[in-house]
Amino acid sequence: MAKPRVLVTRKWPDRVEAEIAKQYDATFNASDRQLGVSELRDALGSYDAILPTVSDRLLAETLDTPRVQTKLLANYGVGYSHIDVATARHQGMTITNTPDVLSECTADLTMTLLLMVARRASEGERELRSGTWKGPSPIHMMGTKVSGKTLGIVGYGRIGREVARRAHHGFGMDVLVFNRSPVDQAVLKQNNAVQMNSLEELLPQCDFVSLHCPGGASTRNLINAARLDLMRENAILVNTARGSIVNETALAQALMFDTIGGVGLDVYSEEPCIPPALAECDNLVMLPHLGSATHESREAMGFRVLENLNDFFQGKSPRDLVA
Ligand code: 8YV
């Protein structure tokens, strides 16, 4: 029987690509160029499975094409708001993702950003590199203490819980949680966390707020001007989830007018474009979507996609079935 034809839309770690090449009739993207909508539409007509990632816009206008050959979208990544699930299902496609294997690294990066903003790490490095440092002095570049403070976690899934574990057990932080469904008391207890009924209740109580809910329509602009206003004026916001969750215009205003203390961002609503107003804010630390970017996680994500692919083509229900 002919091997299924699969398209890996971006460059993946070598060890994973080698394994996929052994088992499938695979097309790779050696130059790692982002594919355009028309290329993705063509691919839907000729590949049995497409292995996309967050940079591939598989929205309704892309997926809504006649003559679809693709039966599986095996996403490389846990978030899949770049895929229009309803249209994909309507076109007969199954969707999988890669949870678990990136939770720890994404939580590590969340703490990296939180600490960098609180302790003004980027500002400090900019000062050194520009040769303007005049040596230590008692009031030089004072930041905010992290240990023992209150952290609000929005979205208490796998990554949110890993952040809570680090914050509570590593930094002695008190953890408050907002989650759309009730979280089991036993799960909250692991990090001595307390669930709040609304964002309105959570935001005013926090020194730090970290976002870990999914992207997509249900969370678009969840953190808007009104909710930013509810944050303490020295509080720090961290987003390693999806850019669409925060209204970037309102965020730039809050930073410029010092109505919040600082922000750490790993994700943006129109990646790779950054609103120019944000780039001018000194109390903002920006990273280029690095949450899962370790050799360990990125390989594990690839092998997890391969597992889903194998399940699917062996007629089993894939382990990470999303829809
Ligand atoms: C990306 C991510 O998939 O898992 C997610 O939802 O956003 C990331 O892990 C990764 O950057 C590869 O493009």
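A few points on the structure. (Residues numbered from 1 in each chain as written. Predicted model: local features only at pLDDT ≥ 70, side-chain atom pairs only at ≥ 80, totals over all residues. Heavy atoms only, no water.)

1. Quick notes on the environment of G291
And then number 1: With respect to the helices, strands and loops of the structure, G291 is situated in the loop between strand 12 (284-286) and helix 13 (295-313).
And then number 2: For the pair G291 and I274, spaced 17 residues apart in sequence, the C-alpha separation works out to 17 Å.
And then number 3: In contact with G291, other than residues within four places in its own chain, are C105, T106, L109 and D266. (Helix = DSSP H or I, 4+ residues; strand = E, 2+ residues; numbered from the N terminus. Contact = heavy atoms within 4.5 Å.)

2. Overview of the packing of helix 1 (residues 14-23) against helix 13
To describe two helices that pack against each other, one gives the angle between their axes and the distance between the axes.
And then number 1: Orientation of helix 1 relative to helix 13, taken along the N-to-C sense of each, is 20°, at an axis distance of 9 Å. With respect to helix 13, the element helix 1 is oriented roughly parallel. Of the two elements, helix 1 crosses helix 13, and the hand of that crossing is right-handed. Within the contact between the two elements, helix 1 uses R15, V16, E19, I20 and Q23 and helix 13 uses E299, G302, F303, L306 and N310.
And then number 2: Taken together, the residues of the contact of helix 1 with helix 13 break down into 4 nonpolar, 3 polar and 3 charged. (Axes fitted to C-alpha atoms, helices over the stretch in contact; angles between N-to-C directions. Parallel < 35°, antiparallel > 145°, perpendicular 65-115°, else oblique. Left-handed = near helix turned anticlockwise from the far one by under 90°. Nonpolar A, V, L, I, M, F, W, Y, C, P; charged D, E, K, R; others polar.)

3. Observations regarding the nonpolar core
And then number 1: Among the nonpolar cores identified, the biggest contains 44 residues, and W12, I20, L51, L151, Y156, F208 and L309 are the most heavily contacted of them.
And then number 2: Looking at this core, the element that brings in the most residues is helix 5 (residues 103-118), giving 8 residues.
And then number 3: Those residues within four positions of Y156 in sequence are excluded, and the remaining contacts are R161, A164, V177, F178, N179, V183, V187, L188, N191 and A193.
And then number 4: Among the nonpolar cores identified, the runner-up in size contains 32 residues, and M196, L211, M231 and V246 belong to it. (Core = buried A, V, L, I, M, F, W, Y, C linked by side-chain atoms within 4.5 Å. Buried < 20%, exposed > 50% of the residue type's maximum accessible area, 1.4 Å probe, protein only.)

4. Considerations on the state of the cysteines
Disulfide: a covalent bond connecting the sulfur atoms of a pair of cysteines.
And then number 1: Counted under the stated rule, the structure contains 0 disulfides.
And then number 2: Summary of cysteine pairing: C206 is not part of a disulfide, and the nearest cysteine sulfur, belonging to C213, is at 14 Å.
And then number 3: For the unlinked cysteine C281, the closest cysteine sulfur is that of C273, found at 17 Å.
And then number 4: Overall, the relative accessible area of 8% leaves C281 in the buried class. (Disulfide = S-S within 2.5 Å.)

5. Describing the sheet that holds strand 4 (residues 72-74)
And then number 1: Strands sit in the order 2-1-3-4-5 across an open sheet of 5 strands; the sheet is parallel. The open sheet has two edge strands, strand 2 (25-27) and strand 5 (94-96), and neither has a second partner. Averaged over all pairs of adjacent strands, the angle between their axes in this sheet comes to 15°, without regard to strand direction.
And then number 2: Here strand 3 (residues 49-51) runs beside strand 4; their pairing, made up of 2 bridges, is parallel. Within strand 4, the position partnered with A49 by the bridge is L72. (Pairing = 2+ DSSP bridges.)

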